[in-house]
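# Close look at the chain arrangement
What follows is the residue order along each chain.
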Amino acid sequence: MTARILTPEELALLTLVQDELVPAHGDLSAAGTLGAALTVDAYLAERPLLRRPVLTALRAVEAAAGETPFAELDSEGRVGILRQVENDDPEAFSELVKQTYNAYYTRPDVQASLGIDGPPQPLGFELPAFDESRLARVRAMGKLWRDA
């Protein structure tokens, strides 16, 4: 699978960023190592509105790293750069994190490692019965619409 939106350099940077956002833990590999960057690239190809914030965050990472490439920093240095980008542009950074999580945690192998067997709803969580008395205030307002 090859990138459709990201350049090879952006794909490599995203892979390193993702490895810091979701590092390896136990039997689970880090997000970038598992190929989450290619999955995010596919998301960007399908959803143009996601491109700007993700690319903005990646460019901010490069800029914050300065003369030392992000790839040459140790994990502590990388995390420091990511924190700086998060502080400087929380909206773009949040989208980058969100898409990384989507790419990683929707992988069947990751879900299996976490003991997730399919979607959690409707069978995964027992929900309390709905308390209809919570609607009393709204019902007391009467009809607020016009019949069409």
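Residues numbered from 1 in each chain as written. Predicted model: local features only at pLDDT ≥ 70, side-chain atom pairs only at ≥ 80, totals over all residues. Heavy atoms only, no water.

### Section: the overall build of the chain
Selection rule: Helix and strand assignments follow DSSP, with helices taken as H or I runs no shorter than four residues and strands as E runs no shorter than two, numbered in order from the N terminus. Note that the radius of gyration is over C-alpha atoms, with the globule rule given as 2.2 Å times the number of residues to the power 0.38. Buried means the residue's accessible area, taken with a 1.4 Å probe over protein chains only, is under 20% of the maximum for its type, while exposed means over 50%, and partly exposed covers the values in between. A contact between two residues is defined here by any heavy atoms of the two lying within 4.5 Å. In these tables, accessible area is a Shrake-Rupley quantity obtained with a 1.4 Å probe, and a residue counts as shielded only by the protein chains included in the view. Under this rule, positive means Lys or Arg and negative means Asp or Glu; His and the chain ends count for nothing. To locate a charge, take NZ of a lysine, CZ of an arginine, CG of an aspartate or CD of a glutamate.
Regarding its fold elements, the chain presents seven helices and zero strands. Beginning at the N terminus, the succession of helices and strands in the chain can be written as α-α-α-α-α-α-α. The C-alpha radius of gyration computed for the chain amounts to 21 Å, which surpasses the reference 15 Å derived for 148 residues by more than 25%, pointing to a less compact arrangement than a globule. Over its C-alpha atoms, taken along the principal directions, the chain stretches across nearly 65 × 35 × 30 Å. Within the chain, the fraction of its 148 residues that count as buried is 30%. Within the chain, counting contacts between residues at least 6 apart in sequence, those at least 24 apart form 66% of the total. Accessible surface, the chain as shown: approximately 10100 Å² in total, 54% of it carbon and sulfur. For the chain, the centre of its 14 positive side-chain charges and the centre of its 23 negative side-chain charges are spaced 13 Å apart.

### Considerations on helix H3 (residues 51–65)
Under the convention used in this document: One less than the residue count of a helix, multiplied by 1.5 Å, gives the span that helix is expected to have.
For H3, with 15 residues, the first-to-last C-alpha span of 21 Å sits near the 21 Å given by 1.5 Å per residue. Next to the buried residues of H3 lie helix H1 (8–21), helix H2 (36–46), helix H4 (75–88) and helix H5 (90–105). The first or second residue beyond H3 is Gly66, which carries a positive phi of 70°.

### What to know about the side chain of Glu95
Where we set the bar: Within this document, salt bridges are pairs made up of a side-chain nitrogen of Lys or Arg and a carboxyl oxygen of Asp or Glu, the two lying within 4 Å of each other.
With respect to the helices and strands, the residue Glu95 is situated in helix H5. No salt bridge is formed by the buried Glu95; its nearest oppositely charged neighbour, Lys98, is found at 4.6 Å. Excluding residues that lie within four positions of it along the chain, Glu95 makes contacts with Leu50, Pro53 and Val54.

### With respect to the pattern of salt bridges
Two side chains with opposite charge may pair up if their charged atoms get near one another. Evaluation of the coordinates by the stated rule reveals five salt bridges. With its nearest N and O atoms 4.0 Å apart, the salt bridge here joins Arg59 to Glu10. Of this pair, Arg59 sits in helix H3 while Glu10 sits in helix H1; the two residues are 49 residues apart in sequence, bridging distant segments of the chain. A salt bridge links Glu46 to Arg47; its shortest N-O distance comes to 3.4 Å.

### Remarks on the packing of H2 against H5
Think of two packed helices as two axes; the pair is described by the angle between the axes and how far apart they sit. What counts is decided by this rule: In this description, a line fitted to the C-alpha atoms serves as the axis of each element, helices being fitted only across the stretch in contact, and the angle between N-to-C directions of two axes falls anywhere from 0 to 180 degrees. Angle categories: roughly parallel below 35 degrees, roughly antiparallel above 145, roughly perpendicular from 65 to 115, and oblique for all the rest. Throughout, a crossing is termed right-handed when the near helix is turned clockwise from the far one, and left-handed when it is turned anticlockwise from it by less than a right angle.
The geometry of H2 relative to H5 is characterised by a closest axis approach of 9 Å and an angle of 115° between their N-to-C directions. Between H2 and H5, the angle is such that the two are roughly perpendicular. As for how H2 packs across H5, the hand of that crossing is right-handed. Judged by residue contacts, Ala36, Thr39, Val40 and Tyr43 of H2 engage Gln99, Thr100, Asn102, Ala103 and Tyr104 from H5.

### Topic: the environment of Thr106
Formally: Pairs of N or O atoms within 3.5 Å make up the polar contacts considered here, provided that, within protein, one atom can donate a hydrogen while the other can accept it, and that residues adjacent in sequence are counted only when both atoms are side-chain atoms.
Here Thr106 shows up in the loop between H5 and helix H6 (108–113). Judged by relative accessible area, which is 46%, Thr106 ranks as partly exposed. For the pair formed by Thr106 and Ala36, sequence separation is 70 residues and the distance between their alpha carbons is 10.0 Å. Every residue in contact with Thr106, bar those within four places of it in the chain, is listed here: Tyr43, Tyr101 and Gln111. A distance of 2.5 Å separates a polar atom in the side chain of Thr106 from the backbone oxygen of Asn102.

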